[in-house]
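Structural overview for review
What follows is each chain in one-letter form.
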Amino acid sequence: MSFYFDSFAEFLRMGGHGPYVWVCYLITWGTLLYLLLSPGIRRKRWLRRQAALLRRSARSAE
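Thresholds, definitions, all that
Residues numbered from 1 in each chain as written. Predicted model: local features only at pLDDT ≥ 70, side-chain atom pairs only at ≥ 80, totals over all residues. Heavy atoms only, no water. UniProt positions renumbered as here; feature names shortened; annotations may be inferred. Helix = DSSP H or I, 4+ residues; strand = E, 2+ residues; numbered from the N terminus. Phe/Tyr/Trp six-rings, centres within 6.5 Å; stacked < 30°, edge-to-face > 60°. Expected span 1.5 Å × (residues − 1). Bend = angle between axes of the 7 residues up to and from the residue. Buried < 20%, exposed > 50% of the residue type's maximum accessible area, 1.4 Å probe, protein only. Contact = heavy atoms within 4.5 Å. Patch = residues over 30% accessible without salt bridge, like charges linked within 9 Å, V, L, I, M, F, W, Y side chains within 5 Å. Areas by Shrake-Rupley, 256 points an atom, 1.4 Å probe, with all protein chains shown as cover. Salt bridge = Lys/Arg side-chain N within 4 Å of Asp/Glu carboxyl O. Lys, Arg positive; Asp, Glu negative; His and termini not counted. Charge placed at Lys NZ, Arg CZ, Asp CG, Glu CD.

- By the naming in an unreviewed UniProt entry, the protein chain goes by Heme exporter protein D and is assigned to Marinimicrobium koreense.
- Under the UniProt heading Function (unreviewed entry), the entry covering the protein chain gives this text: "Required for the export of heme to the periplasm for the biogenesis of c-type cytochromes."

Here it is, written out as C-alpha cells:
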C-alpha cells in the first residue's frame, strides 16, 4: 500500500494548500453541526418561554 504523503506533517501542509483546505473543512463541519443542533436548541427555548407564559397567565387568573 502506498500513501500519497510521506509524513503526517506533509499531509497537514498538503503541498502548501493545507491552511485553505483545513479552514474549509472547519467551516463545513461547523455549519453542519450548527444546522443539526440549532432546531433542538430553539425548540427548548420556545418550550421554556411557553411554560413561563403559562405560569404567568395562571398567576394572573388567581
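Next comes the rest of the account.
**Structural notes on unusual backbone geometry**
- Non-glycine residue M14 carries a positive phi angle of around 50°.
- When you line up the elements, M14 lands in the loop between α1 (8-13) and α2 (18-61).

**A look at the packing of aromatic side chains**
- Going through the model one piece at a time under the given rule, you end up with 5 aromatic pairs.
- Both rings, one in F8 and one in F11, keep their centres 5.9 Å apart while their planes meet at 35°; by these two values the pair is tilted. In this pair, F8 and F11 are both assigned in helix α1, 3 residues apart and thus about one turn of the helix distant.
- Residues F11 and W22 carry aromatic rings whose centres are separated by 5.6 Å and whose planes lie at 70° to one another, so their mutual orientation is edge-to-face. In this pair, F11 is assigned in helix α1 and W22 in helix α2, connecting sequence segments 11 residues apart.
- Among the aromatic side chains, those forming a connected cluster through ring pairs are Y4, F5, F8, F11, W22 and Y25.

**Quick word on α2**
- The first and last C-alpha atoms of α2 sit 63 Å apart over 44 residues, in line with the 64 Å expected at 1.5 Å per residue.
- Of all bends in α2, the biggest is about 35°, found at L37, and the proline P39 comes one to four residues later.
- For α2, the set of buried residues is G18, S38 and A52.
- Lining the buried residues of α2 we find α1.

**Some remarks on a positive patch on the surface**
- Taken together, the side chains of R42, K44, R45, R48 and R49 define a basic patch exposed on the protein surface.
- Structurally, R48 is set in helix α2.
- We classify R48 as exposed; its relative accessible area is 57%.

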